[in-house]
Amino acid sequence: MHEMSIALAVVDQVDGAARPAGATAVRSVRLQVGELAGVVPDALTFSFQLACAGTVLEGAELDIEPVPARARCGACARTWLPGMPPRLTCPGCGGTDTELLSGRELQIVRVCWHDTAPHPPISQEC
Amino acid sequence: MCRVVDLQQAVLAKNDACAHTLREDLAARGTALVNLLSSPGSGKTALLERELTLARDRGVPVAALTADLATENDAVRLARSGVPVKQILTDGLCHLEAEMLGGHLHDWLPAEARLLFIENVGNLVCPASYDLGETLRVVLASVTEGEDKPLKYPTAFGLAHLVVVTKTDIAEAVSFDEEEFRANVERVNPGVEVHLTSVRQGIGEGVLLDRALAARDGAPVHIPVMTRTSHHVHDESEPQPQDEHSADLDTVASSRS
Ligand SMILES: Nc1nc2c(ncn2[C@@H]2O[C@H](COP(=O)(O)OP(=O)(O)O)[C@@H](O)[C@H]2O)c(=O)[nH]1
Ligand SMILES: [Mg+2]
Ligand SMILES: [Zn+2]
Ligand SMILES: [Zn+2]
Ligand SMILES: [Zn+2]
(Lines give C-alpha, C1' and ligand atoms only; values in the text may rest on other atoms or scores of the structure.)
(Ligands and ions follow the chains in the order given, each with its own letter.)
Protein backbone atom coordinates (compact mmCIF):
# COMPACT_ATOMS: atom_id res chain seq x y z
CA MET A 1 0.00 0.00 0.00
CA HIS A 2 1.15 3.50 -0.81
CA GLU A 3 -0.85 5.16 1.96
CA MET A 4 2.34 5.28 4.04
CA SER A 5 4.05 7.26 1.28
CA ILE A 6 1.02 9.55 1.10
CA ALA A 7 1.02 9.97 4.90
CA LEU A 8 4.73 10.80 4.89
CA ALA A 9 4.13 13.41 2.20
CA VAL A 10 1.36 14.98 4.29
CA VAL A 11 3.57 15.06 7.39
CA ASP A 12 6.45 16.50 5.40
CA GLN A 13 4.32 19.33 3.99
CA VAL A 14 2.59 20.16 7.24
CA ASP A 15 5.90 20.08 9.10
CA GLY A 16 7.38 22.38 6.46
CA ALA A 17 4.60 24.90 6.98
CA ALA A 18 4.18 24.60 10.73
CA ARG A 19 7.69 24.67 12.17
CA PRO A 20 8.92 27.80 10.37
CA ALA A 21 5.74 29.49 11.64
CA GLY A 22 6.71 28.64 15.21
CA ALA A 23 4.29 25.77 15.75
CA THR A 24 5.06 23.60 18.74
CA ALA A 25 2.37 20.97 18.25
CA VAL A 26 0.06 20.24 15.34
CA ARG A 27 -3.38 19.25 16.59
CA SER A 28 -5.21 18.30 13.43
CA VAL A 29 -4.88 18.10 9.67
CA ARG A 30 -7.86 18.25 7.35
CA LEU A 31 -7.47 16.39 4.08
CA GLN A 32 -9.80 16.17 1.10
CA VAL A 33 -9.78 12.70 -0.41
CA GLY A 34 -11.63 12.28 -3.70
CA GLU A 35 -13.54 9.12 -4.42
CA LEU A 36 -11.24 8.51 -7.41
CA ALA A 37 -7.99 9.48 -5.71
CA GLY A 38 -6.97 5.85 -5.34
CA VAL A 39 -6.47 6.16 -1.59
CA VAL A 40 -8.09 4.03 1.13
CA PRO A 41 -9.06 6.38 4.01
CA ASP A 42 -8.69 3.79 6.81
CA ALA A 43 -5.25 2.78 5.61
CA LEU A 44 -4.29 6.43 5.39
CA THR A 45 -5.48 7.17 8.94
CA PHE A 46 -3.48 4.24 10.26
CA SER A 47 -0.34 5.23 8.33
CA PHE A 48 -0.72 8.85 9.37
CA GLN A 49 -0.44 7.99 13.07
CA LEU A 50 2.80 6.13 12.41
CA ALA A 51 4.16 8.85 10.15
CA CYS A 52 3.55 11.53 12.81
CA ALA A 53 5.59 9.79 15.49
CA GLY A 54 8.56 11.84 16.62
CA THR A 55 7.56 14.92 14.62
CA VAL A 56 5.78 18.15 15.50
CA LEU A 57 2.64 16.30 14.35
CA GLU A 58 2.91 13.62 17.04
CA GLY A 59 -0.62 12.77 18.17
CA ALA A 60 -2.29 14.95 15.53
CA GLU A 61 -5.70 13.94 14.30
CA LEU A 62 -6.30 13.33 10.60
CA ASP A 63 -9.66 14.65 9.57
CA ILE A 64 -10.59 13.19 6.19
CA GLU A 65 -13.19 14.99 4.09
CA PRO A 66 -14.41 12.57 1.42
CA VAL A 67 -15.19 14.19 -1.93
CA PRO A 68 -17.61 12.34 -4.20
CA ALA A 69 -16.87 12.14 -7.90
CA ARG A 70 -19.05 14.27 -10.19
CA ALA A 71 -18.96 14.36 -13.96
CA ARG A 72 -20.42 16.51 -16.73
CA CYS A 73 -21.08 15.64 -20.34
CA GLY A 74 -19.58 18.04 -22.85
CA ALA A 75 -22.19 17.10 -25.45
CA CYS A 76 -25.49 17.32 -23.54
CA ALA A 77 -24.36 19.16 -20.36
CA ARG A 78 -25.86 16.55 -18.06
CA THR A 79 -24.09 16.11 -14.73
CA TRP A 80 -24.03 12.83 -12.84
CA LEU A 81 -22.40 10.93 -10.00
CA PRO A 82 -20.15 8.31 -11.63
CA GLY A 83 -20.24 6.07 -8.54
CA MET A 84 -17.84 3.21 -7.86
CA PRO A 85 -16.72 1.67 -10.11
CA PRO A 86 -17.08 4.95 -11.97
CA ARG A 87 -19.14 5.30 -15.11
CA LEU A 88 -17.45 8.05 -17.10
CA THR A 89 -19.48 7.79 -20.30
CA CYS A 90 -22.62 9.94 -20.30
CA PRO A 91 -25.65 8.05 -18.94
CA GLY A 92 -27.87 10.36 -21.02
CA CYS A 93 -26.47 10.53 -24.55
CA GLY A 94 -23.70 7.92 -24.30
CA GLY A 95 -21.15 10.62 -25.08
CA THR A 96 -17.50 10.29 -24.13
CA ASP A 97 -16.58 13.96 -23.95
CA THR A 98 -16.75 13.90 -20.16
CA GLU A 99 -15.29 16.39 -17.73
CA LEU A 100 -14.60 15.31 -14.17
CA LEU A 101 -15.88 18.07 -11.87
CA SER A 102 -14.55 16.47 -8.70
CA GLY A 103 -13.28 13.19 -7.30
CA ARG A 104 -9.50 13.25 -7.80
CA GLU A 105 -8.71 15.50 -4.80
CA LEU A 106 -5.85 14.62 -2.51
CA GLN A 107 -5.35 17.94 -0.85
CA ILE A 108 -4.36 19.32 2.52
CA VAL A 109 -6.91 22.02 3.24
CA ARG A 110 -6.48 23.08 6.83
CA VAL A 111 -4.11 22.59 9.73
CA CYS A 112 -4.53 23.51 13.42
CA TRP A 113 -1.45 24.02 15.52
CA HIS A 114 -0.26 25.49 18.79
CA ASP A 115 2.34 28.15 18.30
CA THR A 116 3.42 29.03 21.82
CA ALA A 117 5.13 26.83 24.37
CA PRO A 118 4.19 26.00 27.03
CA HIS A 119 0.51 25.59 26.28
CA PRO A 120 -1.68 28.46 27.49
CA PRO A 121 -3.75 27.71 30.58
CA ILE A 122 -7.04 27.87 28.73
CA SER A 123 -6.66 25.93 25.55
CA GLN A 124 -9.08 26.55 22.74
CA GLU A 125 -10.44 23.62 20.84
CA CYS A 126 -9.89 23.69 17.11
CA MET B 1 -2.94 29.61 21.09
CA CYS B 2 -4.45 27.29 18.57
CA ARG B 3 -4.02 28.61 15.09
CA VAL B 4 -6.07 27.47 12.12
CA VAL B 5 -4.21 27.72 8.84
CA ASP B 6 -5.67 27.19 5.38
CA LEU B 7 -2.84 25.38 3.69
CA GLN B 8 -4.33 24.27 0.34
CA GLN B 9 -1.51 22.03 -0.85
CA ALA B 10 -1.80 18.99 -3.07
CA VAL B 11 -0.35 16.00 -1.22
CA LEU B 12 1.41 14.74 -4.33
CA ALA B 13 2.69 18.20 -5.30
CA LYS B 14 6.32 17.25 -4.74
CA ASN B 15 6.12 14.09 -6.84
CA ASP B 16 4.22 15.91 -9.56
CA ALA B 17 6.82 18.67 -9.64
CA CYS B 18 9.65 16.12 -9.87
CA ALA B 19 7.80 14.29 -12.64
CA HIS B 20 7.28 17.52 -14.53
CA THR B 21 10.98 18.37 -14.33
CA LEU B 22 11.96 14.87 -15.38
CA ARG B 23 9.62 14.98 -18.39
CA GLU B 24 11.14 18.28 -19.50
CA ASP B 25 14.73 17.15 -18.94
CA LEU B 26 14.08 13.99 -20.93
CA ALA B 27 12.31 15.87 -23.71
CA ALA B 28 15.30 18.20 -24.00
CA ARG B 29 17.50 15.18 -24.76
CA GLY B 30 14.96 13.59 -27.08
CA THR B 31 13.86 10.78 -24.78
CA ALA B 32 10.26 9.89 -23.97
CA LEU B 33 9.40 7.79 -20.94
CA VAL B 34 6.91 4.91 -21.11
CA ASN B 35 5.49 3.70 -17.78
CA LEU B 36 4.20 0.10 -17.78
CA LEU B 37 1.74 -0.88 -15.06
CA SER B 38 0.05 -4.19 -14.32
CA SER B 39 -0.55 -6.84 -11.69
CA PRO B 40 2.35 -9.22 -11.02
CA GLY B 41 2.50 -11.87 -13.73
CA SER B 42 0.47 -10.06 -16.40
CA GLY B 43 3.38 -10.29 -18.81
CA LYS B 44 5.13 -6.91 -18.58
CA THR B 45 8.63 -8.39 -18.78
CA ALA B 46 7.74 -10.80 -21.60
CA LEU B 47 6.13 -8.07 -23.72
CA LEU B 48 8.89 -5.62 -23.01
CA GLU B 49 11.61 -8.11 -23.94
CA ARG B 50 9.90 -8.64 -27.29
CA GLU B 51 9.51 -4.94 -28.01
CA LEU B 52 13.06 -4.10 -26.92
CA THR B 53 14.39 -6.83 -29.21
CA LEU B 54 12.36 -5.39 -32.07
CA ALA B 55 13.73 -1.91 -31.37
CA ARG B 56 17.28 -3.24 -31.45
CA ASP B 57 16.61 -5.09 -34.73
CA ARG B 58 15.24 -1.89 -36.25
CA GLY B 59 18.18 0.13 -34.96
CA VAL B 60 16.03 2.34 -32.74
CA PRO B 61 17.99 3.29 -29.60
CA VAL B 62 15.95 2.52 -26.48
CA ALA B 63 16.63 1.60 -22.85
CA ALA B 64 14.67 -0.05 -20.08
CA LEU B 65 14.53 0.08 -16.35
CA THR B 66 12.71 -2.51 -14.29
CA ALA B 67 11.59 -2.12 -10.70
CA ASP B 68 11.05 -5.03 -8.41
CA LEU B 69 10.70 -5.57 -4.70
CA ALA B 70 13.54 -8.05 -4.58
CA THR B 71 15.15 -10.09 -7.40
CA GLU B 72 17.09 -9.04 -10.50
CA ASN B 73 15.48 -11.73 -12.67
CA ASP B 74 13.57 -9.31 -14.87
CA ALA B 75 16.65 -7.27 -15.72
CA VAL B 76 18.42 -10.48 -16.76
CA ARG B 77 15.49 -11.36 -19.05
CA LEU B 78 15.27 -7.86 -20.55
CA ALA B 79 19.02 -7.69 -21.10
CA ARG B 80 18.71 -10.60 -23.55
CA SER B 81 17.30 -8.03 -26.00
CA GLY B 82 20.72 -6.39 -26.15
CA VAL B 83 19.53 -2.91 -25.17
CA PRO B 84 20.77 -1.10 -22.03
CA VAL B 85 18.81 -2.32 -19.00
CA LYS B 86 18.91 -1.35 -15.36
CA GLN B 87 17.28 -2.94 -12.33
CA ILE B 88 15.92 -0.91 -9.44
CA LEU B 89 15.29 -2.79 -6.22
CA THR B 90 12.66 -0.90 -4.28
CA ASP B 91 13.44 -2.68 -1.04
CA GLY B 92 9.81 -3.33 -0.21
CA LEU B 93 8.31 -0.14 -1.61
CA CYS B 94 5.30 -1.05 -3.75
CA HIS B 95 5.66 1.70 -6.36
CA LEU B 96 8.19 4.02 -7.96
CA GLU B 97 8.21 7.75 -7.33
CA ALA B 98 9.58 10.39 -9.69
CA GLU B 99 12.41 11.57 -7.45
CA MET B 100 13.64 8.02 -6.86
CA LEU B 101 13.56 7.34 -10.59
CA GLY B 102 15.41 10.54 -11.43
CA GLY B 103 18.21 9.51 -9.10
CA HIS B 104 18.66 6.26 -11.02
CA LEU B 105 18.73 7.94 -14.41
CA HIS B 106 21.23 10.73 -14.22
CA ASP B 107 24.42 8.68 -14.49
CA TRP B 108 23.02 5.78 -16.48
CA LEU B 109 20.54 6.76 -19.19
CA PRO B 110 22.30 6.53 -22.58
CA ALA B 111 22.24 9.91 -24.31
CA GLU B 112 20.93 8.51 -27.58
CA ALA B 113 17.92 6.64 -26.12
CA ARG B 114 14.72 7.77 -27.82
CA LEU B 115 12.55 5.78 -25.47
CA LEU B 116 12.99 4.78 -21.88
CA PHE B 117 10.65 1.98 -20.83
CA ILE B 118 9.92 1.61 -17.13
CA GLU B 119 8.54 -1.69 -15.87
CA ASN B 120 6.86 -0.49 -12.67
CA VAL B 121 6.43 -2.67 -9.58
CA GLY B 122 3.74 -5.30 -10.24
CA ASN B 123 0.76 -3.72 -8.53
CA LEU B 124 -2.32 -1.99 -9.95
CA VAL B 125 -3.07 0.20 -6.96
CA CYS B 126 -0.11 2.16 -5.69
CA PRO B 127 1.87 2.98 -8.87
CA ALA B 128 -1.27 4.54 -10.38
CA SER B 129 -0.97 7.59 -8.11
CA TYR B 130 2.58 8.48 -9.11
CA ASP B 131 3.41 10.35 -12.28
CA LEU B 132 6.96 9.40 -13.26
CA GLY B 133 7.28 11.99 -16.00
CA GLU B 134 5.98 9.57 -18.60
CA THR B 135 4.75 10.56 -22.03
CA LEU B 136 2.83 7.30 -22.30
CA ARG B 137 1.29 5.29 -19.49
CA VAL B 138 0.44 1.75 -20.55
CA VAL B 139 -1.69 -0.55 -18.40
CA LEU B 140 -1.58 -4.27 -19.13
CA ALA B 141 -3.97 -7.05 -18.19
CA SER B 142 -3.69 -10.68 -19.20
CA VAL B 143 -6.69 -12.63 -20.43
CA THR B 144 -6.47 -14.81 -17.32
CA GLU B 145 -7.24 -11.92 -14.95
CA GLY B 146 -10.94 -11.57 -15.72
CA GLU B 147 -12.93 -9.05 -17.74
CA ASP B 148 -13.78 -6.97 -14.67
CA LYS B 149 -10.18 -6.00 -13.88
CA PRO B 150 -10.80 -2.40 -15.10
CA LEU B 151 -13.73 -2.08 -12.69
CA LYS B 152 -11.72 -3.45 -9.77
CA TYR B 153 -8.81 -1.09 -10.47
CA PRO B 154 -10.55 1.97 -11.94
CA THR B 155 -7.77 4.40 -11.05
CA ALA B 156 -5.11 2.37 -12.86
CA PHE B 157 -7.22 1.76 -15.97
CA GLY B 158 -8.83 5.19 -15.77
CA LEU B 159 -5.47 6.94 -16.04
CA ALA B 160 -4.05 4.80 -18.87
CA HIS B 161 -3.06 6.33 -22.20
CA LEU B 162 -3.12 2.86 -23.74
CA VAL B 163 -4.44 -0.51 -22.55
CA VAL B 164 -2.76 -3.74 -23.64
CA VAL B 165 -4.30 -7.18 -23.27
CA THR B 166 -1.65 -9.90 -23.00
CA LYS B 167 -1.55 -13.70 -23.48
CA THR B 168 -4.35 -13.80 -26.08
CA ASP B 169 -3.02 -17.21 -27.14
CA ILE B 170 -4.78 -18.67 -24.12
CA ALA B 171 -7.91 -16.48 -24.32
CA GLU B 172 -10.09 -19.33 -25.49
CA ALA B 173 -8.92 -21.69 -22.75
CA VAL B 174 -9.95 -19.19 -20.08
CA SER B 175 -13.11 -17.99 -21.96
CA PHE B 176 -11.90 -14.41 -22.11
CA ASP B 177 -14.77 -12.17 -23.22
CA GLU B 178 -13.09 -9.43 -25.22
CA GLU B 179 -16.24 -7.37 -25.72
CA GLU B 180 -16.97 -7.28 -22.02
CA PHE B 181 -13.41 -6.32 -21.22
CA ARG B 182 -13.52 -3.50 -23.76
CA ALA B 183 -16.85 -2.26 -22.38
CA ASN B 184 -15.41 -2.17 -18.87
CA VAL B 185 -12.36 -0.23 -20.04
CA GLU B 186 -14.60 2.20 -21.92
CA ARG B 187 -16.69 2.76 -18.80
CA VAL B 188 -13.74 4.01 -16.72
CA ASN B 189 -11.68 5.52 -19.54
CA PRO B 190 -13.83 6.46 -22.54
CA GLY B 191 -11.93 6.55 -25.81
CA VAL B 192 -8.74 4.80 -24.72
CA GLU B 193 -7.29 2.33 -27.23
CA VAL B 194 -7.14 -1.35 -26.30
CA HIS B 195 -4.64 -3.59 -28.10
CA LEU B 196 -4.41 -7.38 -28.06
CA THR B 197 -1.04 -9.07 -27.78
CA SER B 198 0.55 -12.46 -27.31
CA VAL B 199 4.27 -13.00 -27.12
CA ARG B 200 3.73 -16.72 -27.73
CA GLN B 201 1.97 -16.16 -31.05
CA GLY B 202 3.58 -12.90 -32.10
CA ILE B 203 0.29 -11.04 -31.92
CA GLY B 204 0.43 -7.25 -31.75
CA GLU B 205 4.15 -7.23 -32.37
CA GLY B 206 5.51 -3.70 -32.43
CA VAL B 207 2.34 -2.06 -31.20
CA LEU B 208 3.94 -0.86 -27.97
CA LEU B 209 7.09 0.31 -29.73
CA ASP B 210 5.18 2.07 -32.50
CA ARG B 211 2.79 3.86 -30.15
CA ALA B 212 5.66 4.92 -27.93
CA LEU B 213 7.72 6.26 -30.85
CA ALA B 214 4.70 8.12 -32.21
CA ALA B 215 4.08 9.73 -28.81
CA ARG B 216 7.76 10.63 -28.58
CA ASP B 217 7.52 12.32 -31.98
CA GLY B 218 4.57 14.41 -30.85
CA ALA B 219 1.55 12.39 -32.03
CA PRO B 220 -1.45 13.20 -29.84
CA VAL B 221 -1.78 10.94 -26.81
CA HIS B 222 -5.19 9.98 -25.43
CA ILE B 223 -6.37 12.24 -22.58
CA PRO B 224 -8.21 10.14 -19.95
CA VAL B 225 -11.38 11.63 -18.45
CA MET B 226 -9.83 11.24 -15.00
CA THR B 227 -7.16 13.75 -15.96
CA ARG B 228 -9.67 16.13 -17.54
CA THR B 229 -10.45 17.68 -14.21
CA SER B 230 -12.26 20.93 -13.95
CA HIS B 231 -10.89 24.02 -12.28
CA HIS B 232 -14.42 25.10 -11.64
CA VAL B 233 -14.75 26.40 -8.07
CA HIS B 234 -17.64 24.79 -6.26
CA ASP B 235 -20.26 27.32 -5.46
CA GLU B 236 -22.53 26.18 -2.66
CA SER B 237 -25.42 28.20 -4.04
CA GLU B 238 -25.26 26.41 -7.34
CA PRO B 239 -28.21 24.07 -7.74
CA GLN B 240 -27.16 20.49 -8.37
CA PRO B 241 -30.42 18.55 -8.31
CA GLN B 242 -29.81 17.18 -11.78
CA ASP B 243 -27.09 14.84 -10.47
CA GLU B 244 -28.01 11.30 -11.26
CA HIS B 245 -26.56 8.15 -9.89
CA SER B 246 -25.16 5.96 -12.59
CA ALA B 247 -25.57 2.80 -10.55
CA ASP B 248 -26.39 0.33 -13.26
CA LEU B 249 -28.20 -2.80 -12.25
CA ASP B 250 -25.07 -4.87 -12.61
CA THR B 251 -23.07 -2.71 -10.27
CA VAL B 252 -25.58 -1.75 -7.60
CA ALA B 253 -24.11 -4.28 -5.23
CA SER B 254 -21.05 -2.42 -4.09
CA SER B 255 -17.85 -4.34 -4.51
CA ARG B 256 -15.90 -2.18 -2.14
CA SER B 257 -14.37 -4.02 0.75
N1 LIG C 1 0.70 -18.12 -22.69
C2 LIG C 1 1.37 -16.96 -22.53
N3 LIG C 1 2.08 -16.76 -21.41
C4 LIG C 1 2.73 -15.59 -21.27
C5 LIG C 1 2.69 -14.58 -22.25
N6 LIG C 1 3.40 -13.51 -21.81
C7 LIG C 1 3.90 -13.86 -20.60
N8 LIG C 1 3.51 -15.12 -20.27
C9 LIG C 1 3.85 -15.86 -19.05
O10 LIG C 1 3.29 -15.20 -17.93
C11 LIG C 1 4.17 -15.30 -16.80
C12 LIG C 1 4.46 -13.94 -16.23
O13 LIG C 1 5.09 -13.14 -17.21
P14 LIG C 1 6.05 -11.92 -16.83
O15 LIG C 1 6.51 -11.31 -18.11
O16 LIG C 1 7.09 -12.36 -15.87
O17 LIG C 1 5.01 -10.97 -16.07
P18 LIG C 1 5.28 -9.63 -15.20
O19 LIG C 1 5.28 -10.03 -13.77
O20 LIG C 1 4.11 -8.73 -15.51
O21 LIG C 1 6.58 -9.06 -15.65
C22 LIG C 1 5.43 -16.01 -17.31
O23 LIG C 1 5.35 -17.37 -16.96
C24 LIG C 1 5.34 -15.83 -18.81
O25 LIG C 1 5.96 -16.86 -19.53
C26 LIG C 1 1.93 -14.84 -23.44
O27 LIG C 1 1.82 -14.03 -24.37
N28 LIG C 1 1.29 -16.04 -23.52
MG1 LIG D 1 8.28 -8.52 -14.52
ZN1 LIG E 1 -1.41 1.56 -2.08
ZN1 LIG F 1 1.16 -0.71 -2.16
ZN1 LIG G 1 -24.44 13.45 -22.64
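Remember, predicted model here, so these are calculated numbers, not experimental data.

Q: Residue-level account of the confidence of the model for chain B, with values.
A: Residue and element names in this part refer to chain B. For chain B, mean pLDDT is 91; residues scoring 70 or higher make up 89% of the total. The low-confidence segment residues 232–241, where pLDDT is below 50, has 5 contacts with residues more than four positions distant or belonging to other chains. Note on residues 247–257: pLDDT under 50 across the span, and 7 contacts to partners over four residues away in sequence or across chains. Overall fold confidence (pTM) sits at 0.90, and the ipTM for the predicted complex is 0.88.

Q: So what's going on with the nonpolar core? Which residues, and what values?
A: Val-14, Val-26, Val-29, Leu-44, Phe-48, Leu-57 and Ile-108 of chain A are the most contacted members of the largest nonpolar core, which has 32 residues in total. Secondary-structure elements contributing two or more residues to this core are helix H1 (3–18), strand S1 (25–34), helix H2 (41–52), strand S2 (61–67) and strand S6 (106–114) of chain A together with strand S1 (2–10) of chain B. Counting residues per element, this core draws most heavily on H1 of chain A, at 7 residues. Leu-36, Ala-64, Leu-209 and Ala-212 of chain B belong to the second-largest nonpolar core, a separate cluster that totals 25 residues.

Q: Outline the sheet that holds strand S3 (residues 70–73) of chain A, supporting the account with residue identities and numerical values.
A: The 3 strands are arranged S4-S3-S5 (chain A) in an open sheet whose pairing can be described as antiparallel. Pairing within the sheet leaves two strands with one partner each, and these edge strands are strand S4 (79–80) and strand S5 (98–102) of chain A.

Q: Describe the side chain of Arg-87 of chain A, listing the residues and the values that go with them.
A: With respect to the helices, strands and loops of the structure, Arg-87 of chain A is situated in the loop between S4 and S5. In terms of polar contacts, Arg-87 of chain A uses its side chain to reach the backbone carbonyl oxygen of Thr-89 of chain A, at 3.1 Å.

Q: Any details on the domain arrangement of chain A? Residues and values, ideally.
A: Residue and element names in this part refer to chain A. The domains assigned to chain A are domain 1 (1–68 + 104–118) and domain 2 (69–102). On a C-alpha basis, the centres of domain 1 and domain 2 stand 31 Å from each other. Every contact between the two is made by 6 residues of domain 1 and, on the other side, 7 residues of domain 2. Of all residues in domain 1, the largest losses of buried area upon contact with domain 2 belong to Glu-35, Leu-36 and Pro-68, amounting jointly to 77% of the total for that side. Our count for the contact surface shared by domain 1 and domain 2 stands at 0 salt bridges.

Conventions and cut-offs
Residues numbered from 1 in each chain as written. Chains lettered and ligands numbered in written order. Predicted model: local features only at pLDDT ≥ 70, side-chain atom pairs only at ≥ 80, totals over all residues. Heavy atoms only, no water. pLDDT = per-residue confidence, 0-100. Contact = heavy atoms within 4.5 Å. Core = buried A, V, L, I, M, F, W, Y, C linked by side-chain atoms within 4.5 Å. Buried < 20%, exposed > 50% of the residue type's maximum accessible area, 1.4 Å probe, protein only. Helix = DSSP H or I, 4+ residues; strand = E, 2+ residues; numbered from the N terminus. Pairing = 2+ DSSP bridges. Polar contact = N/O pair within 3.5 Å; in protein donor to acceptor, adjacent residues only side chain to side chain. Domains from an automatic or database assignment. Buried area = accessible area lost by both parts, 1.4 Å probe. Salt bridge = Lys/Arg side-chain N within 4 Å of Asp/Glu carboxyl O.

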